[in-house]
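Observations on the three-dimensional arrangement
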Amino acid sequence: MLEIQNLTKIYDGGTVALRNVSMKVKDGEFLVIIGLSGSGKSTLLRCINRLIEPTEGRIIWDGVDVTQLSGEELRKTRRHIGMIFQQFNLVRRSSVLTNVLSGRLGYVSPWRSAVGRFPKKDVEKAMGALRQVGILDQAYKRADELSGGQQQRVGIARALMQDPTLILADEPVASLDPATSHSILRYLEELNREKGVTVLCSLHFLSLARAYATRILALKDGEVVFEGSPAEIDDARFKEIYGEDAIQVEIR
Amino acid sequence: MSAEEDRRQEIPGRRRGLFSSRRLILGIVVAVVVYAFAWQITEIDLKKLVTGAPDMVHIVKQLLQPDLLTRDKEYQRAYADFQVPCGTASPQQPAASESEPYLVLSYLCGEPGQPLGVEGFNFRPDTKGILRWIPPVGTRRSLKRIDADSEGHFAVGIAIPDVPASEELQEIEVELKWDVGLPYPSDTTKIVLSKMVQTIMLAMMATTVGVFLAVPLSFLAARNLMSKYRSTMIVYFLIRGVFNIVRSIEPYIWAIIFAVWVGIGPFAGVLALGMHSIAALGKLYSEQVESIDPGPIEAIQATGANALQTIVYAVVPQIVPPYIAFTIYRWDINVRMSTVIGFVGGGGIGFILIQWVNLLQYKKAGVAVWAIVIVVWTMDVVSSWVREKVV
Ligand SMILES: Nc1ncnc2c1ncn2[C@@H]1O[C@H](COP(=O)(O)OP(=O)(O)OP(=O)(O)O)[C@@H](O)[C@H]1O
Ligand SMILES: [Mg+2]
């Protein structure tokens, strides 16, 4: 269970990215966050694993207030939260395998991993993760030699290595074509349904959100403007979230 | 006429003003004067391109015949006596021999300027040599080239040289000279090789100095790392400023400065190139730090990695390959520069090259030039190959 209470983020420049956001996410949910560009989706997701320091508010995950953690405790918490990024955020010059293995860094001995050594069972686990996302044959290629879709699979495999109970996905398919988008989101859906991993995913397209979400949260100018099931978003709601001039684009 | 049209009328008029014929003529006159002055002051003299060409051709020819290899020599000599003028001592024709080389003169005493025939027998066939006149006092003179035929025979005519009259006998020497054994590196080659080693080591030391100081400084000169506080920003501007100033001073100038400071020699070269390398590498490195993609750092942190792991897995892979590439690139430049830094007192092969050029020993200089060409070219190929591999 993830509970966010009165979360506010004000950036150094004075931009208020989140304004008093509160919400609850039950274990096993697939929550999709929608909203216009700049509405605060990325900020919200990054506050949850403290890649961004919240200005105010509390984030309680499994009974622990994440905002109070520091150092070792924060790292221990982070290692159970997988994160997937729009730009994949792979280390481009490293091999696919190294990128996947880096998902294990929170668990292994810092000194051994600092010289590039991982336990054998972690290497096997990485191979397993690559097999799961269907790119085992790419393991020894450099990450930047892969296509966008393949790179995002590496990103998922990296998250899988963390044995996550929560996955934060920040627009994971925004740089991919529709068919590839679906295949990536299906991996997340599979994880969510079969392993019970809670997924928080921001998406641009409402059609995609409808197809995968168990629940939708909409942000506008840093505030929650909608929270409910996909079916509840009608034309009026849509205009409320995206503005009067917006039209729906379907992605199938 | 509307205001709009008015303006349209006006603009071309003003344009014409700018390029009015009076200004144009004035401009041309000024340009002609400036160029005429420049022509004078730079002492341009196209005639010299033609009149100087033979000298140039001569030098190039010598450079193209570098004194690279040498072979051991063997000599064969024979002598004959002669008297100037005829007097009491009566010189003898050398004794004929079956196997030994000997000379026969057309006569045995005479006055300077008279023609004299010299014939040789039993010399080494098909071998070249020289005929010398050795007076009893004073310097010997080379009078004639000798070319023994397939039977080891030759016959040449000389004029008796203008030697002072003497009771004592003059001596005529014929010396044939030929190569034996395999060619081996000449002394010049050995000097060039040892200086080349010095040159490459000089470049290596300079690059090493540059790397060791530029790596830490590059972080202090990276805006993204230093922009947080005012104090760090001051450090950033200071280091950037120093980099720019040091870089804008040519390594040759640094070499002159350091040659005065620590004396002419390779150490001055190391300091000069090292100095320039710190600034050049520092700038390249810091730009690399500035262009680090924060995405992977964020992603690695999100996995629960600690600071060390984040550096090893997200920062190092991003900056080390380009650092290596820039370092090799710099070493390449340093090797190139170290070959000529000796011209201004920086040691290495340039130092010996400029000496040979000043002494007009172009065949020796040729060896140095070829060595430089080979080393620079090799370095170029190797460095671009390694850079391709690394990045
Ligand atoms: N590092 C930062 N410093 C200052 N302001 C920021 C920073 N990151 C984001 N912002 C501002 O915060 C607001 C919310 O940004 P955020 O990236 O969370 O939006 P988003 O919903 O993810 O948008 P997008 O769909 O374009 O990714 C924006 O106004 C943005 O300009
Ligand atoms: Mg975003």
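Right above here is the structure, for reference.
In this report, we go over the structure that sits alongside the text. (Residues numbered from 1 in each chain as written. Chains lettered and ligands numbered in written order. Predicted model: local features only at pLDDT ≥ 70, side-chain atom pairs only at ≥ 80, totals over all residues. Heavy atoms only, no water.)

Looking at the overall build of chain A
Defined as follows: Secondary structure elements follow DSSP: runs of H or I of four or more residues count as helices, runs of E of two or more count as strands, with numbering from the N terminus. Working definition: with a 1.4 Å probe on protein chains only, accessible area under 20% of the residue-type maximum means buried, over 50% means exposed, and in between means partly exposed. A contact between two residues is defined here by any heavy atoms of the two lying within 4.5 Å. Shrake-Rupley sampling with a 1.4 Å probe provides the accessible areas, and residues are treated as covered by the protein chains on show and by no other component.
Along the backbone of chain A there are nine helices and ten strands. Here chain A holds 252 residues, and 55% of them are scored as buried. Taking all contacts inside chain A whose residues are at least 6 apart in sequence as the whole, residues at least 24 apart take part in 69%. Of the roughly 11100 Å² of accessible surface on chain A, a fraction of 48% belongs to carbon and sulfur atoms.

Let's talk about the overall build of chain B
The secondary structure content of chain B amounts to 13 helices and seven strands. Taking all 391 residues of chain B together, the buried fraction comes to 36%. Taking contacts inside chain B between residues at least 6 apart in sequence as the whole, the part at least 24 apart equals 70%. Of the roughly 22800 Å² of accessible surface on chain B, a fraction of 64% belongs to carbon and sulfur atoms.

Quick notes on the sheet that holds strand β3 (residues 115-121) of chain B
Residue and element names in this part refer to chain B. Inclusion rule: Paired strands are those between which DSSP finds at least two bridges. Axis definition: a line fitted to C-alpha atoms, over the contacting stretch in the case of helices. Angles run 0 to 180 degrees between N-to-C directions.
Across the sheet, which stays open at both edges, the three strands sit in the order β2-β3-β6 with antiparallel pairing between neighbours. A single partner strand is all that each edge strand has here, and the edge strands are β2 (102-105) and β6 (154-159). Strand-to-strand twist in this sheet, taken as the mean axis angle between neighbours without regard to direction, amounts to 25°. Taken together, the four bridges between β2 and β3 define a ladder with antiparallel strand orientation. Counterpart to L103 in the pairing with β3 is G120.

Describing the site of ligand 1
Residue and element names in this part refer to chain A. Basically, it comes down to this: Only heavy atoms are used to decide nearness, and a residue is near a molecule or strand if one of them lies within 4 Å of it. Any pair of nitrogen or oxygen atoms within 3.5 Å is treated as a polar contact; in protein, a donor-acceptor pairing is required on top of that, and neighbouring residues in sequence qualify only through side-chain atoms on both sides. Note on residue categories: nonpolar means Ala, Val, Leu, Ile, Met, Phe, Trp, Tyr, Cys or Pro, charged means Asp, Glu, Lys or Arg, and polar means any other residue, Gly included.
The environment of ligand 1 is made up of 13 residues, and the closest members are S37, G38, K41, S42 and T43. Separating an oxygen atom of ligand 1 from a backbone N or O atom of S39 is a distance of 3.3 Å. Within the contact set of ligand 1, an oxygen atom lies 2.9 Å away from a side-chain nitrogen or oxygen of K41. Alone, ligand 1 offers 620 Å² of accessible surface; in the complex the protein occludes 61% of this. Take the shell around ligand 1: its biggest share by element is three residues, from helix α1 (residues 41-48). The residue inventory of the shell around ligand 1, partitioned by class, reads three nonpolar, eight polar and two charged.

Let's talk about the pairing of strand β1 (residues 2-10) of chain A
Residues and elements named next belong to chain A. Inspection of the sheet shows β1 paired to strand β4 (residues 56-61) by five bridges, in the antiparallel sense. Bridged to E3 within β4 is I60. Joining the antiparallel neighbours β1 and strand β2 (residues 16-25) is a turn of five residues, in which G14 adopts a positive phi near 105°.

Some remarks on the environment of A:I52
Along the polypeptide, A:I52 turns up in the loop between α1 and β4. Sequence-distant contacts of A:I52, that is, excluding residues within four places in its chain, are made with A:K9, A:Y11, A:T43, A:R46 and A:C47.

Side note on helix α10 (residues 294-302) of chain B
Turning to α10(B), its buried residues are B:G295, B:P296, B:E298, B:A299, B:I300 and B:A302. Where α10(B) is buried, its residues meet α1, α2 (71-78), β6 (81-84) and α6 (148-160) of chain A together with α11 (307-341) of chain B. Measuring from the side-chain oxygen of the N-cap residue of α10(B) to the backbone nitrogen of B:G295 gives 2.9 Å; that N-cap residue is B:D293. Positive phi shows up at B:G304, right after α10(B), with a value of about 95°.

Focus on the environment of B:G282
Residues and elements named next belong to chain B. With respect to the helices and strands, G282 occurs in helix α9 (residues 266-290). Given a relative accessible area of 0%, G282 falls into the buried group. In this structure the C-alpha to C-alpha distance between G282 and F243, which are 39 residues apart in sequence, comes to 7.1 Å. Each residue touching G282, except ones within four places of it in the same chain, is listed here: A214, S218, F243 and S277.

Observations regarding the pattern of salt bridges
Our working rule: The working definition used for a salt bridge is a side-chain nitrogen of Lys or Arg within 4 Å of a carboxyl oxygen of Asp or Glu.
Taken as a whole and judged by the stated rule, the model has 25 salt bridges over all chains. The partner of A:E124 in a salt bridge is A:K120, with the nearest N and O atoms 3.8 Å apart. Here A:E124 pairs with A:K120, and both are found in helix α5 (residues 120-132), just four residues apart, close to one helical turn. For A:K120, a relative accessible area of 67% gives the class exposed. Of the charged contacts, one joins B:R336 and B:D332 as a salt bridge, the two residues approaching to 3.4 Å between their closest N and O atoms. Within this pair, B:R336 and its partner B:D332 are both found in helix α11, separated by four residues, close to a single helical turn.

Examining the packing of helix α12 (residues 349-358) of chain B against helix α13 (residues 362-390) of chain B
All names here are of chain B. The following threshold applies: Roughly parallel means an angle under 35 degrees; roughly antiparallel means over 145; roughly perpendicular covers 65 to 115; every other angle is labelled oblique. It is the rotation of the near helix from the far one that decides the hand of a crossing: anticlockwise by less than a right angle makes it left-handed, clockwise makes it right-handed.
Where α12 meets α13, the closest approach of the two axes is 8 Å, and the angle between their N-to-C directions is 150°. In terms of orientation, α12 and α13 fall into the roughly antiparallel class. As for the relative orientation of α12 and α13, their crossing is left-handed in sense. Listed contacts from α13 to I349, L353, W356 and V357 of α12 are Y362, K364, A365, A368, V369, A371 and I372. Of the residues belonging to the contact of α12 with α13, the class tally is ten nonpolar, no polar and one charged.

A short note on the nonpolar core
All names here are of chain A. Applicable threshold: Side-chain atoms within 4.5 Å are what join buried Ala, Val, Leu, Ile, Met, Phe, Trp, Tyr and Cys residues into a set we call a nonpolar core.
Residues I34 and V100 are the most contacted members of the largest nonpolar core, which totals 57 residues. Sequence-distant contacts of V100, defined by excluding residues within four places in its chain, comprise A126, A129, L130, V154, A157, R158 and M161. Of all hydrophobic cores here, the second largest spans 28 residues; its members include I4, L18, L31 and M83.

Here we look at the packing of aromatic side chains
Geometry of an aromatic ring pair is reported as the spacing of the ring centres plus the angle between the planes. Going by this rule: Two aromatic rings, drawn from Phe, Tyr or Trp (for Trp, its six-membered ring), form a pair once their centres lie within 6.5 Å of each other, and the interplanar angle then sorts them: stacked below 30 degrees, edge-to-face above 60, tilted otherwise. Working rule: Lys NZ or Arg CZ, within 6 Å of ring centre, within 35 degrees of ring normal, means a charge sits over the ring.
Enumeration according to the criterion identifies nine aromatic pairs over all chains in this entry. Between B:Y102 and B:F121, the ring centres sit 5.4 Å apart and the planes meet at 25°, which makes this aromatic pair stacked. Residue B:Y102 is located in strand β2, and its partner B:F121 is located in strand β3; the two are separated by 19 residues in the primary sequence. You can call B:F121 partly exposed: its relative accessible area is 25%. Pairing B:F123 with B:F154 gives two aromatic rings, centres 5.3 Å apart and planes at 55°, and the pair type is tilted. Remark: B:F154 occurs in strand β6 and B:F123 occurs in the loop between β3 and β4 (128-134); sequence separation between them is 31 residues. The exposure class of B:F123 is buried, given its relative accessible area of 3%. Residue B:F154 is classed as buried on the basis of its relative accessible area, which comes to 4%. Taken together, the ring pairs in this structure connect B:F82, B:Y107 and B:W133 into an aromatic cluster. For A:R104, the ring lying beneath its charged end belongs to A:Y107, and the centroid distance is 4.1 Å.

Points about the side chain of A:E29
All names here are of chain A. Mapped onto the secondary structure, E29 falls in the loop between β2 and β3 (30-35). Among the polar contacts listed, one links the side chain of E29 to the side chain of R215, at a separation of 2.4 Å. Excluding its chain neighbours within four sequence positions, the residues that come into contact with E29 are K24, N192, V197, T198, V199, T214 and R215.

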